[in-house]
Amino acid sequence: MSGVDTMQRTQAPSVEDKLKESIYQDEWLLYTTSDEDSDSEIRALDIQRDDVVLSVTGSGCRSLALLIKEPNKLISIDANPYQNFLLELKIAAIRHFKREDCLAFFGITESENRKEMFQQLKEDLSEQAQTFWVRHIEKIDTGFIYLGKHEMFYKKYMGSFLFRFRRKQFKELLECETIEQQRDYYDKNWNNFLWKRAVKLLSQRVFFEKFLGDPSYFNQVKKDFSIGDYLLSRFEHTFKHHLVKDNHFLTFLFCGQYLNEKGLPVYLLEENYDIIKHNLHRVEIVTDRIDPYLASLPAQSIDKYSLSDISGWIPLEEFRSILEDVKRTMSKSGRLCYRNFLAKRTLSEVGIAGLRQDRAMMNELDAADRAFAFSFEVAQKEDTHESVL
């Protein structure tokens, strides 16, 4: 594939039946767009131009956003080959198209010739990715960006329900120009019994398990953890600290689409697009589970790690083993960032000697992250004799 290295590794069987049943039960994507604020990883990792960065692919949005800092190499890894095929497609589109055409190809703006556009870029894809996207050419023709399982779940069950009975109020929130104005509106017109009841109803564990099937929503979450109460507290934080109209995740969650130029994932913002286009050659795509891949790497071979929310997918001992290999493969100036969603895996709980939490950065990201539902663990390498978490 032109400009992008891909590595297809033999897939080890998943140890969790739920993972097989949900993600791999059919040939389609779990994620197609971003439910994260990639600015947080950019701030946390302090990427330098000679760094080698390892990032979990997911929707590809965060991996692409990290190219803003122009690392020497960015390894994007995912055990699900379909997610890597999506990243290949996004890379090819960014390479071939101007930004306005790329937004149209993705499905963010209107287009009547996406199939023809695909023909222009398909030779940039690996053979496996070409085969996958030819089979799903109708998804490309529709505009794939809102069609992942996550995105369809949000549109069908979350956004449509919440927006249906909050349409007028949400449109008025979108008109708020200052955070003070938005806070006042939230307190007076939004934060009432019906809102709280709706969030709790849609946050039942069985609801996520039955209709979404994403193990990170329930697999490692303690039984006594109230998903509804947690999401209500995080919604309140973001409504009172981040303007809705500029928040790509909130506008998609409620409206099922992005609404304006500022409210887009980081890698698609106008000021970032050309930087990313010029650094696409730095990406290496790896299809593998992260644990055997890290185990295969030499010591001190990676500088920065962006692991998304993998802690919510896997048992504690497996996660601890991954972090031990992160520590082993991390350079002396290395940094790690991962997100906690509903499962709260802190470095203190995992107990990895030699990784020191950056609590100031963690607190800063917990307050500033526009995706609002995550908390963060950020760490840097230190001598093992200096600190044991």
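Above this note sits the structure.
The text that follows walks through the structure, step by step, so that each part is easy to find. Only a predicted model underlies this, so the values are computations on that prediction, with no experimental measurement involved.

## Structural notes on the pattern of salt bridges
Then, number 1: With the rule as written, the count across this model stands at 27 salt bridges.
Then, number 2: With a shortest N-O distance of 3.3 Å, glutamate 236 and lysine 240 are connected by a salt bridge. Here glutamate 236 pairs with lysine 240, and both are found in helix α13 (residues 227-241), just four residues apart, close to one helical turn.
Then, number 3: You can call glutamate 236 partly exposed: its relative accessible area is 30%.

## Let's talk about the nonpolar core
Then, number 1: If you look at the biggest cluster of nonpolar residues, it comprises 89 residues, and the most contacted ones within it are Phe105, Phe106, Trp133, Phe235, Phe239 and Tyr267.
Then, number 2: The greatest single-element share of this core, amounting to nine residues, is contributed by helix α4 (residues 81-96).
Then, number 3: Every residue in contact with phenylalanine 239, bar those within four places of it in the chain, is listed here: Leu173, Ile179, Gln182, Arg183, Tyr186, Trp190, Trp195, Val244, Leu250 and Phe254.
Then, number 4: Judged by nonpolar contacts, the second largest core, of 30 residues, contains Val52, Ile75, Ile302 and Ile314.

## A few points about unusual backbone geometry
Then, number 1: Even without being a glycine, aspartate 46 presents a positive backbone phi close to 50°.
Then, number 2: For aspartate 46, the position within the fold is in the loop between α2 (39-45) and β2 (52-56).

## As for the environment of isoleucine 302
Then, number 1: Positionally, isoleucine 302 belongs in strand β5 (residues 302-306).
Then, number 2: Look at isoleucine 302 and you get buried, because its relative accessible area is 2%.
Then, number 3: It is 5.1 Å that separates the C-alpha atoms of isoleucine 302 and methionine 330, two residues lying 28 residues apart in sequence.
Then, number 4: Beyond its immediate stretch of four places on either side in the chain, isoleucine 302 contacts Val52, Leu54, Ile75, Leu297, Thr329, Met330 and Ser331.

## So, a negative patch on the surface
Then, number 1: Together, Glu100, Asp101, Glu270, Glu271 and Asp274 make up a negatively charged patch on the protein surface.
Then, number 2: Every element with two or more residues in the negative patch is listed here: α5 (99-106) and α15 (270-277).
Then, number 3: Structurally, glutamate 100 is set in helix α5.

## So, a nonpolar patch on the surface
Then, number 1: A cluster of nonpolar residues, Phe161, Phe165, Phe193, Leu194 and Leu201, forms a patch on the protein surface that exposes about 490 Å² of accessible area.
Then, number 2: The leading source of residues in the nonpolar patch is helix α11 (residues 193-202), at three residues.

About the criteria used
- Residues numbered from 1 in each chain as written.
- Predicted model: local features only at pLDDT ≥ 70, side-chain atom pairs only at ≥ 80, totals over all residues.
- Heavy atoms only, no water.
- Salt bridge = Lys/Arg side-chain N within 4 Å of Asp/Glu carboxyl O.
- Helix = DSSP H or I, 4+ residues; strand = E, 2+ residues; numbered from the N terminus.
- Buried < 20%, exposed > 50% of the residue type's maximum accessible area, 1.4 Å probe, protein only.
- Core = buried A, V, L, I, M, F, W, Y, C linked by side-chain atoms within 4.5 Å.
- Contact = heavy atoms within 4.5 Å.
- Patch = residues over 30% accessible without salt bridge, like charges linked within 9 Å, V, L, I, M, F, W, Y side chains within 5 Å.
- Areas by Shrake-Rupley, 256 points an atom, 1.4 Å probe, with all protein chains shown as cover.
- Lys, Arg positive; Asp, Glu negative; His and termini not counted.
- Charge placed at Lys NZ, Arg CZ, Asp CG, Glu CD.

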